[in-house]
Amino acid sequence: MTELSSSVRTRFAPSPTGFMHVGNLRTALYEYLVAKSMGGTFVLRIEDTDQERYVEGAVDIIYHTLHTAGLIHDEGPDIGGNYGPYVQSERMELYRPYAEQLVASGHAYYCFCTKERLASLHDEKSGLGGYDRHCRDLSQEEIDANLKAGIPYVIRQKMPTEGETTFHDAVYGDITVSNKELEDQILLKADGYPTYNFANVIDDHLMHITHVVRGSEYLSSTPKYNLLYEAFGFEIPTYIHLPLIQGKNPDGTVSKLSKRHGATGFEDLIADGYLPQAIINYIALLGWCPKDTQEVFSLKELEKEFSIAGISKSPAVFDYDKLAWFNSEYIKQMTDDEFIAFAKPEMDKLPAIDPSNYAMFTEIMKPRISKRSDISEKLAFLKELADYDLALFEHKKSKTTKEGCLQMLETVIPLLESASWDKDSLSALLTGLSEGLGVKNALVMWPVRIAASGTAVTPGGAVEVLLLLGKEESMRRIHIGLDRLNNELK
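Note that the structure is predicted; figures quoted are calculated from it, not measured. (Residues numbered from 1 in each chain as written. Predicted model: local features only at pLDDT ≥ 70, side-chain atom pairs only at ≥ 80, totals over all residues. Heavy atoms only, no water.)

(A) Expanded view of the environment of leucine 188. Mapped onto the fold, leucine 188 is located in strand S7 (residues 186-188). Of the residues examined, leucine 188 reaches a relative accessible area of 2% and is grouped as buried. (Helix = DSSP H or I, 4+ residues; strand = E, 2+ residues; numbered from the N terminus. Buried < 20%, exposed > 50% of the residue type's maximum accessible area, 1.4 Å probe, protein only.)

Pasting the structure below:
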């Protein structure tokens, strides 16, 4: 056996069974932060021993997600390391000798029960979690005869039937489990593949993993791991179990986060317009509390600030509104060029915006969106002029009326038709008109903006709307507004 290293080593060991959901990602993040906050090593290991659940392309999703999130591993299948291979199916020859060692030491046994017999136990009240330990006390003669006859078998862990097992968790403290609740779990399946629980222990030991980070749903399974560590004489790692992540239900209650609460996959959240760094920042706070009131952290800042002591026992609630707030904060920090690059996929869904207006577009949109998809929603009026209600021309605060808007459009149209179409020229024209008429700016701006956009709320005012639409489309719409008011009032 190899000698354990004193430096901190954590591992993210996902199964390639589909997309990376928020729970998986938080586990990966905390494993990464535990390692980096203590100057340690973050290892990626692919646990693909459950071939029935293997999904083609899932390994690529794991690599892509970790890369996009910035969680760069120090060792793994793609970059190697001192303790490879880092894919369990490539380590197959390692597991059987360890399982046989447990049989020899009396900590495990051969089980020859058929699938049919095991299925029949589900109808009986064995009180042993589904297996009645039928093969636990077979004589050596029976075992030898069955092996000689080539009867298929699994190797099961021989659990203590009396007493209690206590282990320490860095978050939840000492946890005690009654041994009679522990099933004689399968370690090695009939096809020679190890089970997840068994391979996990062997690989963690051989890869010198010092800290095991996982969800609190694994608390009850931990005694099984510890009994294996003790049977082999391995050093037991530090356990860090994370609180459950819950989602909000329509009725105000909470339950375990699932797809019914909305997008729960990292790729889905990215597709919805959330930034990777905002997702990581928010997920870091789902179960960990910083020392002060700071909320916005870069990954580098998290590496410095993170501590195991800050992890909570209480379930965390995934709040999409809070995630949107984080996202908006990161959007506001973008440079103009970064924002245009970020916004481009949504801008491409709209009528072309002249590059000369990119600075203005950034100025009005960056403070007003919480995710990229908001852009299309807030600028939907650019696609088409809605059949809006003419009551929009009436505004109490601006003191506009349909009659007044009609007169104002008749006045402003010839001025706009001969105007230069840039921000300074349009602003000077409209404000100059209000000054010349001795009225407030709103009495000029409101009818122009409503006629051009056909909606009560727009990012930016009349000048910005005109610039985004362009001169030709703006004048076409304003003429439509004038005609509609004429038809109703005259």
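We are not done yet, so read on.
(B) Seen up close, the pairing of strand S1 (residues 9-12). Neither face of S1 is left uncovered, since the one carrying Arg9 and Arg11 and the one carrying Thr10 and Phe12 both have all their residues buried. Of the pairings in the sheet, the one linking S1 to strand S2 (residues 41-44) comprises 4 bridges and is parallel in character. Pairing of phenylalanine 12 across the sheet is with leucine 44, part of S2. Read as a crossover between parallel neighbours, the route from S1 over helix H1 (residues 22-37) to S2 is right-handed. (Pairing = 2+ DSSP bridges. Right-handed = clockwise from strand over helix to strand, strands pointing away.)

(C) Spatial organisation of the pairing of strand S8 (residues 211-215). Among the 5 residues of S8, 5 are classified as buried, and the element is accordingly described as predominantly covered. Two elements, S8 and strand S9 (residues 238-242), share 5 bridges in a ladder whose sense is parallel. Residue pairing in the sheet places arginine 214 in a bridge with histidine 241 of S9.

(D) Region of the structure containing the sheet that holds S7. The sheet built from 3 strands is open, its strands ordered S3-S4-S7 with antiparallel pairing. Only two strands of the sheet have a single partner each, and these edge strands are strand S3 (108-111) and S7. For this sheet the average axis-to-axis angle between neighbouring strands, irrespective of direction, equals 40 degrees. As defined by bridge partners, strand S4 (residues 154-157) adjoins S7 across 2 bridges and the pair is classed as antiparallel. Within S7, the residue paired with arginine 156 across the bridge is isoleucine 186. (Axes fitted to C-alpha atoms, helices over the stretch in contact; angles between N-to-C directions.)

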